[in-house]
Amino acid sequence: MNRRVLNAEDFNFVPIKVAVRVTGVSRERILAMANHGIIESGFLDDNEDMVSLPSICKAVAEGYECAVTRSLDHSQVYEVDGTEYVTPPGAAILLGVSTAHVDSLVKSGRLPDTLIGARRFIRYEVVAEYQAQVRVQKSNTRAREKLLADVSKTQHRLAELLRKAGLDDTHDEPTIST
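Residues numbered from 1 in each chain as written. Predicted model: local features only at pLDDT ≥ 70, side-chain atom pairs only at ≥ 80, totals over all residues. Heavy atoms only, no water.

## Here we look at the overall build of the protein
For step 1, the next point in the chain: The number of helices and strands found in the protein is 7 helices and 7 strands.
For step 2, the next point in the chain: Across the protein, contacts joining residues at least 24 apart in sequence account for 53% of those joining residues at least 6 apart.
For step 3, the next point in the chain: With an accessible surface of roughly 12,000 Å², the protein has 51% of that area assigned to carbon and sulfur atoms. (Helix = DSSP H or I, 4+ residues; strand = E, 2+ residues; numbered from the N terminus. Contact = heavy atoms within 4.5 Å. Areas by Shrake-Rupley, 256 points an atom, 1.4 Å probe, with all protein chains shown as cover.)

## Details of the pairing of strand S5 (residues 83–86)
For step 1, the next point in the chain: Sheet topology note: the strand S4 (residues 77–80)/S5 ladder contains 4 bridges and is antiparallel. Its bridge partner being in S5, Val80 is matched across the sheet by Thr83.
For step 2, the next point in the chain: Linking two consecutive strands that pair antiparallel, namely S4 and S5, is a turn of 2 residues; a positive phi of about 50 degrees is found at Asp81 within it.
For step 3, the next point in the chain: Where S5 and strand S7 (residues 119–123) come together, 2 bridges link them in antiparallel fashion. When the sheet's bridge partners are listed, Tyr85 is paired in S7 with Arg123. (Pairing = 2+ DSSP bridges.)

## Comments concerning the pairing of S7
A regular strand places its side chains on the two faces of the sheet in alternate fashion.
For step 1, the next point in the chain: In terms of strand pairing, strand S6 (residues 114–116) meets S7 through 3 bridges, oriented antiparallel. Bridge pairing in S7 places Thr114 opposite Phe121.
For step 2, the next point in the chain: A loop of 2 residues connects S6 with S7, the two strands running antiparallel in sequence, and Gly117 in this loop sits at a positive phi of about 70 degrees.

## Quick look at the pattern of salt bridges
A pair can form between side chains of opposite charge whenever their charged atoms are brought close.
For step 1, the next point in the chain: Taken as a whole and assessed by the stated rule, the structure comprises 6 salt bridges.
For step 2, the next point in the chain: The partner of Arg123 in a salt bridge is Glu125, with the nearest N and O atoms 2.2 Å apart.
For step 3, the next point in the chain: A single salt-bridge network, built from bridges that share partners, covers Asp103, Asp113 and Arg120. (Salt bridge = Lys/Arg side-chain N within 4 Å of Asp/Glu carboxyl O.)

## Quick notes on the sheet that holds strand S1 (residues 13–15)
Strand pairing within a sheet occurs via backbone hydrogen bonds; the two strands may be parallel or antiparallel.
For step 1, the next point in the chain: Spatially, the 3 strands line up as an open sheet ordered S1-S3-S2, and their pairing is antiparallel. Strands at the two margins of the open sheet, each flanked by one partner only, are S1 and strand S2 (41–43). This sheet shows a mean twist of 35 degrees between the axes of neighbouring strands, independent of strand direction.
For step 2, the next point in the chain: Direction of pairing for S2 relative to strand S3 (residues 49–52): antiparallel, over a ladder of 3 bridges. Considered in S3, the bridge of Gly42 is made with Met50.
For step 3, the next point in the chain: Against the sheet, helix H3 (residues 53–61) contacts S1 and S3, and its axis sits at roughly 60 degrees relative to S3. (Axes fitted to C-alpha atoms, helices over the stretch in contact; angles between N-to-C directions.)

## Points about the sheet that holds S7
For step 1, the next point in the chain: Taken in spatial order, the 4 strands make up an open sheet running S4-S5-S7-S6, and their pairing is antiparallel. One side of each edge strand has no neighbouring strand; the edge strands of this open sheet are S4 and S6. Here the average twist between neighbouring strands, direction ignored, is 45 degrees.

## Focus on the packing of helix H1 (residues 16–23) against helix H2 (residues 27–35)
If you want to describe how two helices pack, look at the angle between their axes and the distance between the axes.
For step 1, the next point in the chain: It is the contact of H1 with H2, at a shortest axis distance of 9 Å, that shows an interaxial angle of 115 degrees. The handedness of the crossing between H1 and H2 comes out as right-handed. Contacts between H1 and H2 pair Ile16, Ala19, Val20 and Thr23 from the former with Arg27, Ile30 and Leu31 from the latter.
For step 2, the next point in the chain: In terms of residue class, the contact of H1 with H2 is built from 5 nonpolar, 1 polar and 1 charged. (Left-handed = near helix turned anticlockwise from the far one by under 90°. Nonpolar A, V, L, I, M, F, W, Y, C, P; charged D, E, K, R; others polar.)

## Observations concerning H2
For step 1, the next point in the chain: Every buried residue belonging to H2 is among Ile30, Ala32, Met33 and Ala34, and all of these are buried.
For step 2, the next point in the chain: Of the residues flanking the end of H2, it is Gly37, one or two places downstream, whose phi is positive at about 75 degrees. (Buried < 20%, exposed > 50% of the residue type's maximum accessible area, 1.4 Å probe, protein only.)

## A few points about the nonpolar core
For step 1, the next point in the chain: Core analysis: the largest hydrophobic core is formed by 15 residues, its most contacted members being Val86, Ala91, Leu95, Val102, Leu111, Ile122 and Val127.
For step 2, the next point in the chain: When contributions to this core are tallied by element, the ones reaching two or more residues are helix H5 (88–95), helix H6 (99–108) and helix H7 (124–164).
For step 3, the next point in the chain: Grouped together as the second largest cluster of nonpolar side chains are 12 residues, Ala19, Val25, Met33 and Ala59 included. (Core = buried A, V, L, I, M, F, W, Y, C linked by side-chain atoms within 4.5 Å.)

So this is what it looks like as structure tokens:
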């Protein structure tokens, strides 16, 4: 019998307990992503919850997993006409920042809010998208810093080699601006 190891691309909809084993994402996180419509989900006739493994992998790669797994008080989540909204304190919990920071993001227009009655709300998916953007920016910044460090190290090594070769009298060590 010829057996091969299966991975997430080999499945579409599977029971949640299988998704946990295959992806390593906890049951609670999978349920939270399914409840917020971030991943595809459904159920069988016997009411067993099913989720799409490719959609879980995509959501995790885009950073949505963390957005839905912080301890959010569900009294701060509201559904209006099929769209989920969170209060500014709820957005602060999801983003891991202070409510004052969320207020400054709203005022600067980077996190648009909606007035429903007399209360301000922020669309849940906008909060998750903002968190993914921040994660990408941090990753890009780390990559740029690493590149600059590598360039600086290479320049120092080149200067050292020039000194050893006796060519350092005519060349100044280059400097890198950050």
